[in-house]
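What follows is each chain in one-letter form.
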Amino acid sequence: GENVEQHPSTLSVQEGDSAVIKCTYSDSASNYFPWYKQELGKRPQLIIDIRSNVGEKKDQRIAVTLNKTAKHFSLHITETQPEDSAVYFCAPRGYGGSQGNLIFGKGTKLSVKP
Amino acid sequence: DVKVTQSSRYLVKRTGEKVFLECVQDMDHENMFWYRQDPGLGLRLIYFSYDVKMKEKGDIPEGYSVSREKKERFSLILESASTNQTSMYLCASSLRGSASREQYFGPGTRLTVT
C-alpha cells in the first residue's frame, strides 16, 4: 500500500513570508495529488490538486508542484496571512484499483504570526 | 451547495454500548468514507463504500462495521464501544470515476467512550 509522509509536522512563519510543505509517497502508480486544509474546529476542505500529467498548478497565493520521478509534491503558500493558519494534509491517490481512495498524510500545522 | 451531514456533533457513550454514527450526503455521490482523526495521526480510513450495499475495509476496520442501505446514507457501527475508540469521526463522500476525486467532508462527530 501507499506510504505517505509529510514534512515538516509543524511550521511557524511571519505574516507575509512564504511556507512550503512537502509530501512524499511510495506508490509510483499514484496519479492524483491533492492538498486539504483543516481550520481549527472545521472540516477538511480541498484547496488545490494536481494530476500526474502536470508539473505545477497555481491558484492565487497557493501552488502545488509535482516531481513524479522523486515521488514527492509540495504545497507553496506565498504572502502568508493569519487566516492561512491551519492543518494541511496531502492525500495522494493510492491503490490502483480503488474507487477514489485517498491516503492522507499525518498533517502539517501551519501557524502564521501577525 | 454540497452538503454532508452527520447525526451528532458530540456523543458520550459507556464502554460496551453499541454506537451508531450516521452520515447523509445530498450530492448523489457513489463513494462514501468513514475516517477517524486523532492528534498526530492524521485521517485514518476505517471503511468505505462505492455503491449501495457494498463495503470495503480501510486501514483500521477492527472494532467497527458499516451499513449502506441507501445511496445517500452511510452508517458506522461500534458493536461494543471501548475507550480506545474515543476520537473524532469524519464522514466523506465523492463521485466515482477519474474525473473528480474531491472528497467532501461532514462536520465530524466527537465521540467519547467512558
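### Topic: the sheet that holds strand β7 (residues 65-70) of chain B
Residue and element names in this part refer to chain B.
Turning to step 1, where the next piece is worked out: Spatial strand order, β1-β3-β8-β7: 4 strands in an open sheet with antiparallel pairing. Strands at the two margins of the open sheet, each flanked by one partner only, are β1 (4-6) and β7. Taking the axes of each pair of neighbouring strands and ignoring which way they run, one obtains an average angle of 20° across the sheet.
Turning to step 2, where the next piece is worked out: As defined by bridge partners, β1 adjoins strand β3 (residues 19-25) across 3 bridges and the pair is classed as antiparallel. For T5, the partnering residue across the bridge sits in β3 and is V24.

### Structural notes on the interface of chain B and chain A
Turning to step 1, where the next piece is worked out: Taken together, the contact pairs 25 residues of chain B with 19 residues of chain A.
Turning to step 2, where the next piece is worked out: Of all residues in chain B, L43, R101 and F105 of chain B bury the most surface against chain A, accounting for 35% of the area lost on that side.
Turning to step 3, where the next piece is worked out: Inspection of the chain B/chain A interface yields 0 salt bridges.
Turning to step 4, where the next piece is worked out: For the side of chain B that touches chain A, the secondary-structure elements that each account for two or more residues are β4 (31-38) and β5 (42-49) of chain B.
Turning to step 5, where the next piece is worked out: Across the side of chain B that touches chain A, the residue classes tally to 12 nonpolar, 8 polar and 5 charged.

### With respect to the pattern of salt bridges
Residue and element names in this part refer to chain B.
Turning to step 1, where the next piece is worked out: Throughout the structure, instances matching the rule amount to 10 salt bridges over all chains.
Turning to step 2, where the next piece is worked out: The closest approach of N and O atoms between R73 and E22, which form a salt bridge, is 3.0 Å. One end of the pair, R73, is in strand β8 (residues 73-78); the other, E22, is in strand β3, and 51 residues separate them in sequence.
Turning to step 3, where the next piece is worked out: The class for R73 is partly exposed, based on a relative accessible area of 33%.
Turning to step 4, where the next piece is worked out: Here D28 and K71 are joined by a salt bridge, their closest N and O atoms 2.9 Å apart. Of this pair, D28 sits in the loop between β3 and β4 while K71 sits in the loop between β7 and β8; the two residues are 43 residues apart in sequence, bridging distant segments of the chain.
Turning to step 5, where the next piece is worked out: Note on K71: relative accessible area 26%, which makes it partly exposed.

### What about the nonpolar core?
Turning to step 1, where the next piece is worked out: Counting 22 residues, the largest nonpolar core has W35, F73, L75, I77, Y88 and L110 of chain A as its most contacted members.
Turning to step 2, where the next piece is worked out: For this core, the element with the highest residue contribution is strand β3 (residues 19-25) of chain A, accounting for 4 residues.
Turning to step 3, where the next piece is worked out: In this structure, L11, I46, V66 and L76 of chain B belong to the second largest nonpolar core, which totals 21 residues.

Reading the values: rules and limits
- Residues numbered from 1 in each chain as written.
- Chains lettered and ligands numbered in written order.
- Predicted model: local features only at pLDDT ≥ 70, side-chain atom pairs only at ≥ 80, totals over all residues.
- Heavy atoms only, no water.
- Pairing = 2+ DSSP bridges.
- Helix = DSSP H or I, 4+ residues; strand = E, 2+ residues; numbered from the N terminus.
- Axes fitted to C-alpha atoms, helices over the stretch in contact; angles between N-to-C directions.
- Contact = heavy atoms within 4.5 Å.
- Buried area = accessible area lost by both parts, 1.4 Å probe.
- Salt bridge = Lys/Arg side-chain N within 4 Å of Asp/Glu carboxyl O.
- Nonpolar A, V, L, I, M, F, W, Y, C, P; charged D, E, K, R; others polar.
- Buried < 20%, exposed > 50% of the residue type's maximum accessible area, 1.4 Å probe, protein only.
- Core = buried A, V, L, I, M, F, W, Y, C linked by side-chain atoms within 4.5 Å.

In short, geometric facts, not functional conclusions.
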